Amino acid sequence: MNNARFLIVFLVVISSACVITPQITTADIFKTTMDFESTWIPLQITSQNEDYSELNKVQRFSNDKFSQKNINHLNEFIPQYIGANVLEFSTFIGGTSESSFFNAATDSNGNVYIIGETFATDFPVLNAFQNTSKGGYDSVIMKFNSTGSLLFSTYFGGLGTDWGRDVTVDSKDNVYITGLTSSTDFPTTSGAIQKTYGGGAYDAFLSKFNSTGNLLYSTYLGGNKDEESYKIVTDSQDNLYFSGTTSSLDFPTLHALQSSYNGGPIDNVLTKFNSSGSLIFSTYLGGDGRDTSGGLAIDQNDNIVLGGSTDSTNYPILKAYQKSKNGQTDVVLTKFNSTGSLLFSTYFGASTFDNGNDVAVDSKNNIYVTGSTDSLSFPTINAYQTSYGGGVFDAFLSKFNSSGSPLFSTFLGGINQDVTTGVAVDSRDNAYIIGGTYSSNFPTLNAYNRTYGGTGDVFLSKFNSTGSFLFSSYFGGTSEDLPGGVTVSRKDNIYIAGATYSPNFPIQKAYQATKPSSNTVRTSFFAQLDLTAPTKIKTLNATAVSGSQINLHWSPATDDQGVKGYNIFRDGAYIGSIPSTSFADIELKELSSHSYTVSAFDKIGHIGKQSATVTVSTLDVTAPTRVNALNILFVSDTQRELNWNPATDNMAVTTYNIYRDGILLNTTVKTSYLDSGLKGGTTYTYTVAAVDAAGNIGVQSKPVTITTQTPVPTQTPQPSTSKTQTPTSTIKGGTPFPFLPLLFGLMLIVVWRRKNIKVIKFK
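The model shown is predicted, which means the values in this text are computed figures rather than measured ones.

Peer 1: Would you explain the overall build of the protein in this entry?
Peer 2: Check the secondary structure of the protein and you find three helices and 44 strands. A burial count over the protein gives 53% of its 763 residues as buried. Put simply, of all contacts in the protein between residues at least 6 apart along the chain, 65% involve residues at least 24 apart. Carbon and sulfur atoms provide 53% of the accessible area of the protein, an area that totals close to 33700 Å².

Set out below in structure tokens:
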């Protein structure tokens, strides 16, 4: 019997192991004890193996640890904590002479466009509108797909100096660029509002290409003095907005808020075109000092937000949070509606120099402003860093609501100079700022690179919508690295652009893997980063299917780059990772309670928030002990009473099954049972088995057999046919016999014979 029980248990275990369970590949097992609740995992995966089929083995997780065999097999896949692998790709781009990138933009298909300038005559071109440089600096425009493959690259300029500064994309994936030019032969089209150079050192330019790089529209924009170009954006109707500065008294204006130059070295300008390049409105914006444009953004209602800085005491102000200038220069933040009417305008700053370098808006029309300050009393609100870090400048990030009231404002900097050049917001209203730092102690968090390169590095920092610090990292090599801009795609990919002197700038999956110029010449760089973790799993279900197995099923998470797998946590401890949305946790203890959470991770290694906790217990599969000492007591010919000793169970025995002749007769909660209605002269066999609350049935008792007695025959009186009845008896066969008359007759014979018998004597 013991051998039989062993065989049954063995078959149960084997059948459990044969249940189809998700396949766990060792390339996807990431073990860590860190809290990844914020947004992502700070690690770099040492294995880049993405082929699940090569490691197509099911791993089992015990209550406490992997088997030693599994541990040895997984060692090479355990990540090393050497920084976050956030780079999708990163590349040098340039020729043997200088080049720089200033910004990037993405289209609806995830393609990315980069704007910059180059002095190189061997800058890489492909499917170019202009294959060669015409002399001096030329603008360059490049298009890459989302995997880093080059789709087109072109020079764009004339015989003079042409510097590309910003790029944007409309709803039809047309590409707009702006910059400044001194070329009198700069390419213009027949529909241009200004076909000839206006004068001064530079004019601004605006140009439109289709998605394949064919020129659709191009114009100068300027007066008889100097213009600088800063930003362009498009709205929901594909209208184009341009911001910059001018010192020209004859800058073109139309339906202007401020129709004339207001004095000082330069004034801001804001201009709106329709999608065909026709002017809708154009205005000066400035006071009696120096007014610079630092950023331009369009909100969800096609309102226009302009950021910058000023040392003018009479800058146009309306519904201001800060009505007057506090220092040498203050940040200015100005908002227009789509027709150019002023909605609000405010100073924002403190005692010395505060410069607004870029703006962005989120899904709720809140406004982010970033720049640099050396004011120790720069306004801080709900700040991550409440005090000035030191050096010449600190960076800052400030958030305002749609009416211009500040929500948070923070310093961001170290002991040396720190400045920002761009800000962008993703679909979750997280803000990213790019800048340059010379501080060896610049604030880092979950960093790709925590170590300052030594000569000036690019930095990228991320804040959530409430101002919490999520990520911050150096990007650069051992030489100087210069920031350009940052942009976010519709899938929340992050793109940064700039220039570097470092031959060891971090490169990954590069279009151009080595620096094409000497270390004394700057080369453009461009990188795509993934800083977005997968979404939190909404639904997690856990079901116990045996005494040693719990099955988990959950709803899929989403990610901008796609979810690669899921981390599984049992009782707060990581137990493994799997590419699918179900998992069988086996080799558990019977009646053990376990709590589970699951989190998703992407191919970079970012980990989403853990799901809500689900708690479940394995099943009770231990049957009660065998019933012993089964007794059967006589009650009557038709009744027998059964009684037995109680069985025991790991939980509790709830009932007993009574079997008669192998068939379940009844159940009882007692340790006795009265069986009625038995037949005489019949053999019966009884067994009893205990049952627990989980329905587990113990082994039946040893059988006990009884035979009921045959009943004794009884006489049946016959009815009489007369008043006097003769006693009768019954002979075998049941026939009546005249017993009394016969007896009387015998007595008469005896009497008669005794009277007539003679006594005979013998001699």
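We are not done yet, so read on.
Peer 1: I would appreciate a short explanation of the sheet that holds strand β22 (residues 418-425) in the present structure.
Peer 2: Strands in a sheet are paired, the pairing made by backbone hydrogen bonds, and the direction either parallel or antiparallel. Here four strands make up an open sheet; going across it, the order is β22-β23-β24-β25 and the pairing antiparallel. Strands with a single pairing partner mark the edges of an open sheet, and in this sheet they are β22 and β25 (469-475). Averaged over all adjacent pairs, the angle separating strand axes in this sheet is 20 degrees, with direction ignored. Relative to strand β23 (residues 431-437), β22 runs antiparallel, the two being bridged by seven bridges. Looking across to β23, one finds that V423 is bridged to I433.

Peer 1: Help me understand the sheet that holds strand β19 (residues 367-373) in this model?
Peer 2: Ordered by their spatial adjacency, four strands build an open sheet running β18-β19-β20-β21, and the pairing between neighbours is antiparallel. If you trace the sheet from one side to the other, it starts and ends with β18 (354-361) and β21 (406-412), each paired once. Across the sheet, the axes of successive neighbouring strands diverge by a mean angle of 20 degrees, strand direction being ignored. Judged from the seven bridges that link them, β19 and strand β20 (residues 394-400) form a sheet pairing that is antiparallel. Within β20, the residue paired with Y368 across the bridge is K399.

Peer 1: What should I look at first to understand the environment of F129 in this one?
Peer 2: By secondary structure assignment, the location of F129 is in the loop between β3 (112-118) and β4 (138-144). Considering only alpha carbons, one finds F129 and Y155, 26 residues apart in sequence, at a separation of 7.3 Å. Residues within four places of F129 in sequence aside, it is in contact with T154, F156, F209, G213 and L215.

Peer 1: What is the right way to look at the environment of I434 in this model?
Peer 2: Examined against the element boundaries, I434 turns out to sit in strand β23. By relative accessible area, which is 0% here, I434 ends up buried. Sequence separation between I434 and I496 is 62 residues, and the spatial gap between their C-alpha atoms is 7.7 Å.

Peer 1: What exactly am I supposed to notice about the packing of aromatic side chains here?
Peer 2: How two aromatic rings sit relative to each other is set out by the distance from centre to centre and by the angle between their planes. Counting across every chain of the model gives 37 aromatic pairs. Taking 6.0 Å as the distance between ring centres and 55 degrees as the angle between the ring planes, the aromatic pair formed by F186 and Y220 counts as tilted. Placement of the pair is F186 in the loop between β7 (175-181) and β8 (203-209) and Y220 in strand β9 (residues 215-221), with a sequence separation of 34 residues. The pair F186 / Y220 is uniform in exposure class, with both members buried. Measuring from centroid to centroid gives 5.9 Å for Y197 and Y220, while their planes differ by 75 degrees, and the two rings are edge-to-face. Highlighted residues: Y197 in the loop between β7 and β8 and Y220 in strand β9, separated in sequence by 23 residues. The class of Y220 is buried, set by a relative accessible area of 0%. An aromatic cluster is built from F129, F156, F186, Y197, F205, F209 and Y220, whose rings are joined through pairwise contacts.

Peer 1: Help me understand the pairing of strand β28 (residues 523-529), please; the structure alone is not making it clear to me.
Peer 2: The side chains of a regular strand alternate between both faces of the sheet. With seven of its seven residues buried, β28 lies for the most part within the structure. Residues T523, F525, A527 and L529 line one face of β28 and the alternating positions S524, F526 and Q528 line the opposite face, and both faces are buried. Here strand β1 (residues 87-93) runs beside β28; their pairing, made up of six bridges, is antiparallel. Its bridge partner lying in β28, F89 is registered against Q528. Pairing between strand β27 (residues 494-500) and β28: seven bridges, direction antiparallel. By the bridge assignment for β28, A499 is matched with S524.

Peer 1: So what exactly am I meant to see when it comes to the side chain of D354 here?
Peer 2: Tracing the sequence through the fold places D354 in strand β18. Among the polar contacts listed, one links the side chain of D354 to the side chain of T373, at a separation of 2.4 Å. When neighbours within four sequence positions are excluded, D354 is seen to be in contact with S309, T329, D330, V331, F348, G349, S372, T373, D374, S375 and F378.

What counts as what
- Residues numbered from 1 in each chain as written.
- Predicted model: local features only at pLDDT ≥ 70, side-chain atom pairs only at ≥ 80, totals over all residues.
- Heavy atoms only, no water.
- Helix = DSSP H or I, 4+ residues; strand = E, 2+ residues; numbered from the N terminus.
- Buried < 20%, exposed > 50% of the residue type's maximum accessible area, 1.4 Å probe, protein only.
- Contact = heavy atoms within 4.5 Å.
- Areas by Shrake-Rupley, 256 points an atom, 1.4 Å probe, with all protein chains shown as cover.
- Pairing = 2+ DSSP bridges.
- Axes fitted to C-alpha atoms, helices over the stretch in contact; angles between N-to-C directions.
- Phe/Tyr/Trp six-rings, centres within 6.5 Å; stacked < 30°, edge-to-face > 60°.
- Polar contact = N/O pair within 3.5 Å; in protein donor to acceptor, adjacent residues only side chain to side chain.

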